[in-house]
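Analysis of the macromolecular model
Spelled out from the first residue to the last, the chains are:
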Amino acid sequence: MKKRVFSGIQPTGNIHIGNYIGATRHWAADQDIYDNIFCIVDLHAITIQQDPKQIKSKIREVTGLLLAAGIDPQKSIVFVQSHVHEHSELAWILNCFIPMGWMGRMTQYKEKSSKQKEQVSVGLFDYPALMAADILLYDTDVVPVGEDQKQHVELTRDAALRFNNIYGDIFTVPEPRIAEIGARIMGLDDPTKKMSKSEEAPNHAIALLDPPDVIQKKIMRATTDSETTVVFDEKRPGIYNLLTIYKTFTGEKDKDIEAKFAGKGYGDFKKALAEVVIEGLRPLQERYQKITGEAGYIDKVLAEGAAKAHPLAQKTLAKVQKAVGLG
Ligand code: TYM
């Protein structure tokens, strides 16, 4: 029996190369090894207020981008979180078992809430319980995510262990899988901050659907430092981040990349990087145009995905309800 993979992505902002490098390309590459479920998490998206029309179109865009990145609906279930109501129901039950103190320690909550101040919703605080419900509903073994989501998956593990301790073996205890390279791609405008969908600065992120001239411009303007040598040095976060992007797109080794750019400056390296990213994204962008050009295809994939996910979620929720004395 193959191990079960579950992971999710929010239908907000513009999906960028950080999401691709840190998460979705691994989801696609490892499809044959695992039994896969990928979820477009619209309930998570509304923890911060969204334009209702935007969410609907973003769900289709994200789905199109997952399929364009190589996720095959014959091999993987792809569905929208709110189409399977068990996610909300299990999240409520888990709420009653997860201590406030655990939630208060989540760094993502601290970061997001410090930006929002008094607008912070209870949902934003509770976000990890819903994420735990997503994962635990499907007897998930492995959760492939970028570095920023590791803490949430660890909270999910703790919640599962706590619940199992009280009620017996109800949940499979999942583990996070973090890529060795590229699990934390940084912003191009500020390499000390994670590349983020919600950041609005124009040169912050390269979106997967950015046209070649925009990619070129963003990379040429990326923040570096006053040094000149093109070497992997974590103490120089700007060039280190750009080199990491180069490495993940080409698959080349550090020393070969450094040798290639020995004696050359940042300008030459940035030009080469822009070329590599433009050519690396070209097939994905072409597939995206094809997929989204086929009327009704994405809706069909999502409807079939929800139909496959639902019975699995139903089975786990029923087990949990019985254990705690509901229903
Ligand atoms: P989201 O939508 O922010 O991001 C989707 C995936 O992309 C990864 N990622 C990055 N990887 C490398 N560098 C970056 N700069 C970068 N930014 C984002 C994220 O780690 C993630 O893997 N809470 C999740 C969605 C979610 C989920 C789940 C994930 C909901 N339920 C259950 C796993 C399992 C989120 O907001 O991801």
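Position numbers for residues start from 1 in each chain and track the written sequence from start to end. Local features in this predicted model are restricted to residues of pLDDT 70 or higher, and side-chain atom pairs are both shown and tallied only at a pLDDT of 80 or more, whereas totals for entire chains, interfaces and linings draw on every residue. Side-chain descriptors were evaluated using all non-hydrogen atoms of the structure, hydrogens and water having been removed beforehand.

Our next topic: the domain arrangement of the protein chain. Throughout the structure description, domain borders are defined by an automatic or database domain assignment. Under the domain assignment, the protein chain is made up of domain 1 (4-178 + 296-324) and domain 2 (212-290). The contact criterion used throughout is that any non-hydrogen atoms of two residues lie within 4.5 Å. Listed as interface residues are 9 residues of domain 1 and, on the opposing side, 7 residues of domain 2. Buried area between domain 1 and domain 2, summed over both chains or domains, comes out near 790 Å², and the portion from carbon and sulfur atoms is 77%. A 1.4 Å probe defines the accessible area here, and the buried area is the portion of it lost by two parts on being joined, summed over both. Looking at the side of domain 1 facing domain 2, the largest losses of area belong to Ile 17, Ile 21 and Ala 68, adding up to 53% of the total buried there. Only one rule defines a salt bridge in this text: a Lys or Arg side-chain nitrogen within 4 Å of an Asp or Glu carboxyl oxygen. At the junction of domain 1 with domain 2, the criterion picks out 0 salt bridges. Two N or O atoms count as a polar contact when they lie within 3.5 Å, although within protein this holds only if one can serve as hydrogen donor and the other as acceptor, and sequence-adjacent residues are included solely when both atoms are side-chain atoms. For the pair domain 1 and domain 2, the interface holds 1 residue pair in polar contact (both at pLDDT 80 or more). At the level of elements, helix H1 (17-29) and helix H3 (52-68) are the ones that each hand at least two residues to the side of domain 1 that touches domain 2. Partitioning the side of domain 1 that touches domain 2 into residue classes produces 6 nonpolar, 1 polar and 2 charged. By the criteria applied, helices consist of DSSP H or I runs no shorter than four residues and strands consist of E runs no shorter than two, each listed in order from the N terminus. Asp, Glu, Lys and Arg are counted as charged, while Ala, Val, Leu, Ile, Met, Phe, Trp, Tyr, Cys and Pro are counted as nonpolar; the rest, among them Gly, fall into the polar class.

A helix is expected to span 1.5 Å multiplied by its residue count minus one. The terminal C-alpha atoms of helix H7 (residues 122-136) lie 21 Å apart, and with 15 residues this matches the ideal 21 Å at 1.5 Å per residue to within 8%. Pro 128 marks the point of greatest bend in H7, at about 40 degrees. With 12 of 15 residues buried, H7 lies mostly within the body of the structure. The reported bend at a residue is simply the angle between two axes, fitted to the 7 residues ending at it and to the 7 residues beginning with it. Three exposure classes are used, based on accessible area relative to the maximum for each residue type with a 1.4 Å probe and protein chains only: buried under 20%, partly exposed in between, and exposed over 50%.

The next thing to look at is the site of the ligand. Nearness is defined per residue: one heavy atom within 4 Å of the molecule or strand is enough. Tyr 127, Asp 134, Asp 148, Ile 185 and Lys 197 are the nearest of the 28 residues found near the ligand. Between an oxygen atom of the ligand and a side-chain N or O atom of Lys 197, the distance comes to 2.6 Å. For the ligand, whose unbound accessible area comes to 710 Å², protein coverage reaches 97%. Of the residues in the shell around the ligand, the class split is 12 nonpolar, 11 polar and 5 charged. For the accessible areas, the method is Shrake-Rupley and the probe is 1.4 Å, while residue cover comes only from the protein chains on display.

Below, the discussion takes up the nonpolar core. Take the buried Ala, Val, Leu, Ile, Met, Phe, Trp, Tyr and Cys residues and link them wherever side-chain atoms come within 4.5 Å; each set so joined is a nonpolar core. In terms of nonpolar packing, the biggest core is built from 56 residues, with Ile 17, Ile 40, Leu 66, Leu 208, Ile 245, Phe 269 and Leu 273 touching the most fellow members. Examining the composition of this core, we find that 11 residues originate from one element, helix H12 (residues 266-293), more than from any other. Residue assignment places this core across two domains, with domain 1 (4-178 + 296-324) and domain 2 (212-290) each supplying three or more. Dropping the residues within four chain positions of it, Leu 208 is found in contact with Ile 15, His 16, Ile 17, Tyr 20, Leu 65, Leu 281, Leu 284 and Gln 285. Counting residues in hydrophobic clusters, the runner-up holds 43 residues, among them Trp 102, Ile 135, Leu 137 and Val 145.

So, about the pattern of salt bridges. In a structure, side chains of opposite charge can pair up when their charged atoms sit close to one another. For the coordinates displayed, the defined rule picks out 14 salt bridges. For the salt bridge of Arg 60 with Asp 299, the shortest nitrogen-to-oxygen distance reads 2.8 Å. You can see Arg 60 sitting in helix H3 and its partner Asp 299 sitting in helix H13 (residues 297-324), a full 239 residues away along the chain. A salt bridge links Asp 256 to Lys 255; the shortest N-O distance between them is 3.9 Å. Exposure remark for Asp 256: the relative accessible area of 40% places this residue in the partly exposed category. For Lys 255, a relative accessible area of 58% corresponds to the exposed category.

By the secondary structure assignment, Tyr 138 is in the loop between H7 and strand E4 (142-145). A relative accessible area of 1% means that Tyr 138 is categorised as buried. Setting aside residues up to four positions removed in sequence, Tyr 138 forms contacts with Arg 4, Phe 6, Ile 37, Phe 79, Val 84, His 87, Ala 309, Leu 312 and Ala 313. For Tyr 138, the side chain forms a polar contact with the side chain of His 87, separated by 2.9 Å.

Below, the discussion takes up the packing of aromatic side chains. Under the pairing criterion, centres of Phe, Tyr and Trp rings, with the six-membered ring standing for Trp, must be within 6.5 Å; the plane angle then separates stacked pairs below 30 degrees from edge-to-face pairs above 60, leaving the rest tilted. Applying the stated criterion across every chain yields a total of 13 aromatic pairs. An angle of 50 degrees between the planes, with centres 4.9 Å apart, marks the rings of Phe 163 and Phe 171 as tilted. Taken individually, Phe 163 and Phe 171 each receive the classification buried, so the pair is uniform in this respect. With a centroid separation of 6.0 Å and an interplanar angle of 85 degrees, the aromatic rings of Phe 232 and Tyr 240 are classed as edge-to-face. On the basis of relative accessibility, which here comes to 27%, the residue Tyr 240 falls in the partly exposed class. Of the aromatic side chains, those joined through ring pairs into one cluster are Phe 97, Phe 163, Tyr 167 and Phe 171. The ring of Phe 232 has Lys 247 sitting right over it, with the charged end atom 5.4 Å from the ring centre. Counted as over-ring charges are cases with an Arg CZ or a Lys NZ within 6 Å of the ring centre that also lie within 35 degrees of the ring normal.

Turning our attention to the packing of H7 against helix H8 (residues 150-167). In the contact formed by H7 and H8, the axes pass within 9 Å of each other and the chain directions differ by 70 degrees. As far as their axial angle goes, H8 and H7 are roughly perpendicular. Here the hand of the crossing between H7 and H8 comes out right-handed. Contacts from Tyr 127, Pro 128, Met 131, Ala 132, Ile 135 and Leu 136 of H7 reach H8 at His 152, Val 153, Leu 155, Thr 156 and Ala 160. Classifying every residue of the contact of H7 with H8 gives 9 nonpolar, 2 polar and no charged. Lines fitted to C-alpha atoms define the axes here, with helix axes fitted over just the stretch in contact, and angles between the N-to-C directions of these axes take values from 0 to 180 degrees. For classification purposes, angles smaller than 35 degrees are called roughly parallel, those larger than 145 roughly antiparallel, those between 65 and 115 roughly perpendicular, and all remaining angles oblique. Each helix crossing is assigned a hand: it is left-handed if the near helix lies turned anticlockwise from the far helix by less than a right angle, otherwise right-handed if that turn is clockwise.

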